[in-house]
Amino acid sequence: MTLAIRSDALTRRFGKLPAVEGLNLQVPEGTITAFLGPNGAGKTTTIRLLLGLLKPTSGTCEVLGHPPGHVEALRQLGALVESPSLYGHLTGYENVEITRLMRGGKKTETSRVLEVVGMTRDANRVVQDYSLGMRQRLAMALALFGSPRLLVLDEPTNGLDPAGIQEIRELVRKVPEQTGATVFLSSHILAEVEQIASNLVVIHRGLLRYQGPIADLGGQGAAWQQIRVDQAGRAMELLKGSGLEVTFEDPYVLVQASDEGVPALASLLVRSGMALYELKPRTVSLETRFLALLEGA
Ligand SMILES: Nc1ncnc2c1ncn2[C@@H]1O[C@H](COP(=O)(O)OP(=O)(O)OP(=O)(O)O)[C@@H](O)[C@H]1O
Ligand SMILES: [Mg+2]
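Below or above, wherever it landed, is the structure these notes cover. Note that the coordinates shown come from a computational prediction; the quantities given were computed from them, not determined experimentally.

Some points on helix H1 (residues 43-50)
With seven of eight residues buried, H1 is to be regarded as a mostly interior element. Of all the residues in H1, the buried ones are Lys43, Thr44, Thr45, Thr46, Ile47, Leu49 and Leu50. One or two residues past the end of H1 sits Gly52, with phi positive at roughly 80 degrees.

A few points about the sheet that holds strand E9 (residues 199-204)
One open sheet holds the six strands; their spatial order is E6-E7-E8-E4-E9-E10, and the pairing between them is mixed. The open sheet is flanked by strand E6 (77-80) and strand E10 (207-213), the only strands paired with a single partner. In this sheet, adjacent strand axes meet at a mean angle of 10 degrees when their direction is disregarded. As defined by bridge partners, strand E4 (residues 32-36) adjoins strand E8 (residues 182-187) across five bridges and the pair is classed as parallel. Directly across from Phe35, in E8, lies its bridge partner Ser186. The strands touched by helix H5 (residues 132-144) are E6 and strand E7 (150-154); relative to E6, the strand with the most contacts, the crossing angle is about 165 degrees. Helix-sheet contacts for helix H11 (residues 286-295) involve E4, E9 and E10, and the interaxial angle to E9 is about 35 degrees.

What to know about the nonpolar core
Counting 46 residues, the largest nonpolar core has Met140, Leu144, Leu153, Val172, Val183 and Leu200 as its most contacted members. A per-element tally of this core places H5 first, with eight residues. Each of domain 1 (3-216) and domain 2 (219-295) gives at least three residues to this core. For Val183, the residues in contact, after removing those within four places along its chain, are Thr31, Ile32, Thr33, Leu151, Leu153, Val172, Val175 and Pro176.

Conventions used here
- Residues numbered from 1 in each chain as written.
- Chains lettered and ligands numbered in written order.
- Predicted model: local features only at pLDDT ≥ 70, side-chain atom pairs only at ≥ 80, totals over all residues.
- Heavy atoms only, no water.
- Buried < 20%, exposed > 50% of the residue type's maximum accessible area, 1.4 Å probe, protein only.
- Helix = DSSP H or I, 4+ residues; strand = E, 2+ residues; numbered from the N terminus.
- Pairing = 2+ DSSP bridges.
- Axes fitted to C-alpha atoms, helices over the stretch in contact; angles between N-to-C directions.
- Contact = heavy atoms within 4.5 Å.
- Core = buried A, V, L, I, M, F, W, Y, C linked by side-chain atoms within 4.5 Å.
- Domains from an automatic or database assignment.

Spelled out as structure tokens, the structure:
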């Protein structure tokens, strides 16, 4: 398996705060990998480390087989990072032309990427007059320029209207089919990426919580139990303390455990002095599974 992105114990602290801690990333080439985590999880920090915009406190990473910021990696990489820097006094078209002058390519490529993101009509207006969504589309055009081998997109649908979100989603979905490129895109909403991504990387408070095919997180194989007790909070602490994945869905505590584990589970709860009203198998959604990952961190 060739990796488009890999990192080894990648760590970045701001003062004492570990924004990213010991991250071991393995993003297979040719996948659409969604990079998920709540606000402040460390997604943008990770992406900036991968792009060489930020130096790690410790650890290493590689992008397309090169250290971050390496000219060979940058040549084959398209990126969209939080608050993209665009030239406000220039038009959208001129902004793409600057990328073309730096990276080489035909003028038709400039028109193509503007067309792809639906910005042809506004291409000759100056960027300082653009709306947030228009800026985001233009930034996406810059990222797509030259059909890069790897697309790194930090919340590409930020600021877009529902139609725009749908368009970008379709665009991203088609990229690997059309060019064989790898897409690594961040989001804090599972529902927004679950239809297009094949793989997931989940981080929370700078720590890796899951990495692998989205189908495995869905947990066909993983059994869950639904529990109702008199002290849900205490039960959750107790089960988490035993290393189990737990989440809360009022009034139930949901815990990942096989049917064989049920007697031990019941006895643990009862021995701890809890009143057990209900304990039964339960299928959980991808969303519940995702929330359980964040709960445990
Ligand atoms: N330049 C900085 N100086 C100090 N702290 C920072 C800096 N950049 C990020 N952080 C902190 O690092 C943590 C991770 O931030 P980051 O921007 O990577 O999160 P994120 O996952 O991208 O969040 P969001 O979904 O809100 O974009 C946060 O606690 C943030 O406050
Ligand atoms: Mg961010």
